[in-house]
Amino acid sequence: MCILQLVLATQNKDKIREIKNLLQDLPVTILTCDDFLDFPDIEETGETLEENAVLKAGGIAKFTGLATLADDSGLEVEALGGAPGVFSSRYAGPGCTYADNNRKLLREMKDIPEGKRAARFRAVIAIVWDADKVETVEGRAEGKIITENRGVDGFGYDPVFFYPPAGKTFAEMTLDEKNSVSHRGKALLAARELIIKHLSQKV
Ligand code: IMP
């Protein structure tokens, strides 16, 4: 197998940490925004996670000239008709923090009863190999939104996302525990297969 250079099309340090952790044993050199000058911020103008993942990977692949992986992910809450969805990172408005988003979510859900708080995380990963070839995979994690923050690890909505099979929120899990059950972990497992196939074709 040859060594592949793969760029991560994100400036989100939390995503970079989780993605690197899951690809660390592959013969892949991971490059990030810190390895390039003037790494562009690709605007997420798509209406779906898939459109945004392809947009981000495509934009950065064009800028770097290298194979590029992008993740677009979000939280879908059933009682809110699928919101915040593609707007997950900016749910509480432009420039908001993770804490602002969680406060808004708990406020919006204050009257939703225990049995109706189902939610899922979804992650779509796009890999742009070259101008003619893009592949996408998806991962999901089903859980529910609790009524107050629990746990200090992870990022984003992790403190309010309770994962019943583990009896914990994502913010109460170690990185390895979260990656073994999370939407991103599952999408990355599928992405690993794409990477391994690509490497074996290059031999
Ligand atoms: P993106 O950068 O447009 O993909 O936005 C993703 C947003 O969804 C993040 O900023 C978080 O608010 C939320 N999100 C995605 N994945 C996770 C996760 O694993 N834990 C908690 N929040 C997440």
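Bear in mind the structure is a predicted one, so any value in this text is a computation, not a measurement.

Asker: So what's going on with the overall build of the protein chain? Which residues, and what values?
Answerer: When helices and strands are counted, the protein chain shows 5 helices and 7 strands. Shown N-terminal to C-terminal, the secondary structure of the protein chain runs as helices and strands in the order β-α-β-α-β-α-β-β-β-β-α-α. By the compact-globule yardstick of 17 Å for 203 residues, the protein chain fits well, its C-alpha radius of gyration being 17 Å. Taken over the C-alpha atoms alone, the protein chain extends approximately 55 × 35 × 25 Å along its principal axes.

Asker: Which residues make up the sheet that holds strand β6 (residues 161-163), and what values do they have?
Answerer: An order of β2-β1-β3-β4-β5-β6-β7 is seen for the 7 strands of this open sheet, with the pairing classed as mixed. Both outer strands of the open sheet, β2 (28-31) and β7 (168-169), are each paired with one neighbouring strand and no more. Across 12 bridges, the pairing between strand β4 (residues 118-130) and strand β5 (residues 133-145) is antiparallel. Within β5, the position partnered with isoleucine 125 by the bridge is valine 137. Contacts from helix α2 (residues 49-64) reach β1 (4-8), β3 (68-77), β4 and β5, with the element oriented near 155° to β3. Together, β1, β2, β3, β4 and β5 form the strand contacts of helix α5 (residues 183-202), whose direction differs from that of β5 by roughly 160°.

Asker: For the pattern of salt bridges, give the residues involved together with the corresponding values.
Answerer: For the coordinates displayed, the defined rule picks out 21 salt bridges. Linking glutamate 18 and lysine 178 is a salt bridge whose minimum nitrogen-to-oxygen distance equals 2.8 Å. Of the two residues, glutamate 18 is situated in helix α1 (residues 13-23) and lysine 178 in helix α4 (residues 175-181); the sequence distance between them amounts to 160 residues. On the accessibility criterion, lysine 178 (3% relative accessible area) is buried. Across the salt bridge formed by arginine 122 and glutamate 138, the nearest N and O atoms sit 3.2 Å from each other.

Asker: So, the site of the ligand: which residues are in play, and what are the values?
Answerer: Neighbouring the ligand are 18 residues, the closest being Lys15, Glu44, Asp158, Lys178 and Arg184. Contact distances for the ligand include 3.2 Å between a nitrogen atom and a side-chain N or O atom of histidine 183. Contact distances for the ligand include 2.7 Å between a nitrogen atom and a side-chain N or O atom of arginine 184. Notes on the ligand: free accessible area 490 Å², of which the protein chains cover 95%. Sorting the residues of the shell around the ligand by element identifies β3 and α5 as the ones contributing at least two each.

Asker: Provide a residue-level description of α5, including the pertinent values.
Answerer: The end-to-end C-alpha distance of α5 is 29 Å, a good match for the 28 Å that 20 residues give at a rise of 1.5 Å each. Looking at α5, one finds that the buried residues are His183, Arg184, Gly185, Ala187, Leu188, Ala191, Arg192, Leu194, Ile195, His198 and Leu199.

Asker: Describe the side chain of threonine 169, listing the residues and the values that go with them.
Answerer: Relative to the assigned elements, threonine 169 resides in strand β7. For threonine 169, a relative accessible area of 0% translates into the label buried. Side-chain polar atoms of threonine 169 contact the backbone oxygen of arginine 150, separated by 2.7 Å. Every residue in contact with threonine 169, bar those within four places of it in the chain, is listed here: Ile146, Arg150, Asp158, Pro159, Phe161, Phe162 and Tyr163.

What counts, and at which threshold
Residues numbered from 1 in each chain as written. Predicted model: local features only at pLDDT ≥ 70, side-chain atom pairs only at ≥ 80, totals over all residues. Heavy atoms only, no water. Helix = DSSP H or I, 4+ residues; strand = E, 2+ residues; numbered from the N terminus. Rg over C-alpha atoms; globule rule 2.2 N^0.38 Å. Pairing = 2+ DSSP bridges. Contact = heavy atoms within 4.5 Å. Axes fitted to C-alpha atoms, helices over the stretch in contact; angles between N-to-C directions. Salt bridge = Lys/Arg side-chain N within 4 Å of Asp/Glu carboxyl O. Buried < 20%, exposed > 50% of the residue type's maximum accessible area, 1.4 Å probe, protein only. Near = heavy atom within 4 Å. Polar contact = N/O pair within 3.5 Å; in protein donor to acceptor, adjacent residues only side chain to side chain. Areas by Shrake-Rupley, 256 points an atom, 1.4 Å probe, with all protein chains shown as cover. Expected span 1.5 Å × (residues − 1).

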